[in-house]
Structures are given as C-alpha cells and as structure tokens.
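Per-entry structural report
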Amino acid sequence: MMKILVLNASPKGKNSTTVHTALYLQALHPEHTFTVLPVGQRIKSYEKDFAPLRTELEQADLLLFCYPVYTFIAPYQLHRLIELIKSDGVDLSGKFASQITTSKHFYDVTAHRYVEENCFDLGMKVVRGLSADMDDLLTQQGQQEARNFFDQLIFSCEHSQFVTPPARAPQREKAVYQPVLPSVPKRTGKDVVIVTNCALEDENLQHMLAVPSVQKKMKGQMNQYIIGPYQNVVEQAKGTCQ
C-alpha cells in the first residue's frame, strides 16, 4: 500500500478535467491511500500558512502532480506551489514523484520537464508521467492508457525504474582579473565615493575597485580602442573625396 498525495494544481479545483483521471485511478485501486488536495485553489492560503500542506507532503510516499498544460507550460498555481515547497525547506528527498496532465499535446513536454527538473532539485525519485488529451478519459483507449500508466508507476516505485537525472553542466574555470597597468599616485583634491554590492567572494570586482586610478587611466585608452576604427573609416572616406 502506498500513500499517494494528489496535488491538483488546476485553478478549477474539483471541476478539473485532469484530476478526474486521478479520481478514476483511486476508484480502481482501493488498496492504496489517495489524498486529493486542491492546491491550485488554496495557493493563497498556503502562502499565509504552509504547515497543513507540509504535514501532507511529509506523510506521503508518492506525489502525483495533476494539472492542465496552458500554452507550453504549467499553470501559475503550480509554479507558485513549487516555489513555496522549496522556500519552506520541507524534506522530500527519497519520495516518489510523477504527474498527470491534460492538453492538446502542444509542447506539453516542456511542462513535464519543468516538473521533473524541480523534483530532481528536491532529491525525489521521478517516474515518467501521463500526458493525456482532454477527452481521453471518456474513451476506452484513454481509460486503458490511464490504467497502464498507474500499473507502470507502481511497478517503477517497487523496482526502482526511475527517470535518470540530467547530467550537470561542467564547472566553468573562472579567470581572476589582475591589474595590467601600473598604479599612479592618488590625487587628494577630490573625494571619490564608490557604491557597490560587491560580495566577499567576487574577486574580479574587488580587484577592479581596488585600482580606481588605473581605471581612470584606462578609460581614455578604451575609448580610443573602441572609437578608433570608426574614426579611421571616416578619415578614409574624407580621403576619397579629395
């Protein structure tokens, strides 16, 4: 038996087409405990008090995200839900996650990937979701596909058949800026105030701020470096008119 938390992120709540697929599976599998939360309609209340949702998340074995796909991506309510989960810091590592969506199959893969990537961030074990047409549940084939999805979902949870997390991008080697021009005596006739949000680990910006006299000296050279080619073109044009 698994404790399945259905996160209905549709703003339509119980009138959502998508969540009815989860309700259909719930009716077929009384051996599992389903809890359906209309998070799409309660998102404002969770912004004020996340504790009730945190308790449900901690008790669940499997999170089943249910939502419609609107114009390539998940609805705002689901975006906000994921933000709240991450900012709260609730530990979901090791839990299972999957999803059910309804759409006209127009870039629904981007929405699925979005949810998968965020579940990876939370340390969850992701099982490929079901992408259904809005009317699929009304057909024999659509119902069979929903049943097949759930059977595969439970099998994957029991036998560790999960989506492989994407490889992380290699770390970039950061070159540290070093002054290239000699420093000159500082003038005392004026006070210069530099306002910055330079972080302690930002070596490059620290080095730049440490040599304002060098920057001032470079400014004229940089201007000449940038404008020089344009000036040459103008001079050449003048020469052709003589």
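None of these values were measured; they are calculated from a predicted model. (Residues numbered from 1 in each chain as written. Predicted model: local features only at pLDDT ≥ 70, side-chain atom pairs only at ≥ 80, totals over all residues. Heavy atoms only, no water.)

**Quick look at the pattern of salt bridges**
What counts here: By convention in these notes, a salt bridge is any Lys or Arg side-chain nitrogen within 4 Å of a carboxyl oxygen on Asp or Glu. Only DSSP runs of H or I covering at least 4 residues are called helices, and only runs of E covering at least 2 are called strands; the numbering of each starts at the N terminus. Throughout, exposure labels follow a simple rule: accessible area from a 1.4 Å probe, protein chains only, divided by the maximum for the residue type, with under 20% read as buried, over 50% as exposed, and the rest as partly exposed.
Under the definition given, this model contains 9 salt bridges. For K44, the salt bridge is made with E47, and the minimal N-O distance between the two is 3.9 Å. Separated by 3 residues within a single helix, K44 and E47 lie in helix α2 (residues 39-48), roughly one turn from each other. In this structure E47 comes out as partly exposed when scored by relative accessible area, which is 31%. D88 is the salt-bridge partner of R54, the closest N and O atoms lying 2.8 Å from each other. Here D88 lies in helix α4 (residues 76-88) and R54 lies in helix α3 (residues 51-59), a separation of 34 residues in the sequence.

**Focus on the pairing of strand β4 (residues 96-103)**
Stated formally: A pair of strands is treated as paired once DSSP finds two or more bridges between them. If you view a crossover with the strands going away from you and the path from the first strand over the helix to the second runs clockwise, you call it right-handed.
Burial within β4 is extensive, with 8 of its 8 residues counted as buried. Side-chain alternation along β4 places F96, S98, I100 and T102 on one buried face and A97, Q99, T101 and S103 on a second face that is also buried. Bridge analysis of strand β3 (residues 62-68) against β4 gives 7 bridges, and the strand direction is parallel. Within β4, the residue paired with F65 across the bridge is Q99. Note on the crossover from β3 through α4 to β4: the handedness is right-handed. Bridge count for β4 against strand β5 (residues 125-126) is 2 bridges, and the pairing is parallel. The residue of β5 that forms the bridge with F96 is K125. Here 4 bridges tie β4 to strand β6 (residues 130-133), and the two strands are oriented parallel to one another. Each residue of the ladder has a partner; that of T102, found in β6, is A132.

**Here's the deal with the layout of surface pockets**
Where we set the bar: Method remark: on a 1 Å grid restricted to protein atoms, a set of points is classed as a cavity if a 1.4 Å probe fits but cannot get out and as a pocket if it is open with protein on both sides within 12 Å along at least five of seven lines; lining residues have an atom within 4 Å of a point. Grid points are joined across faces, edges and corners, and a volume is the space filled by probe spheres set on the points. Polar here means any residue outside two lists: the nonpolar Ala, Val, Leu, Ile, Met, Phe, Trp, Tyr, Cys and Pro, and the charged Asp, Glu, Lys and Arg; Gly therefore counts as polar.
Taken as a whole, the second largest pocket encloses approximately 200 Å³ of empty space. Considering the residues around the second largest pocket, the lining is formed by 16 residues, among which P68, V69, Y70, T102 and M134 are closest to the centre. Within the residue set of the lining of the second largest pocket, elements represented by two or more residues are α1 (17-28) and β4. Residues belonging to the lining of the second largest pocket are distributed by class as follows: 6 nonpolar, 8 polar and 2 charged.

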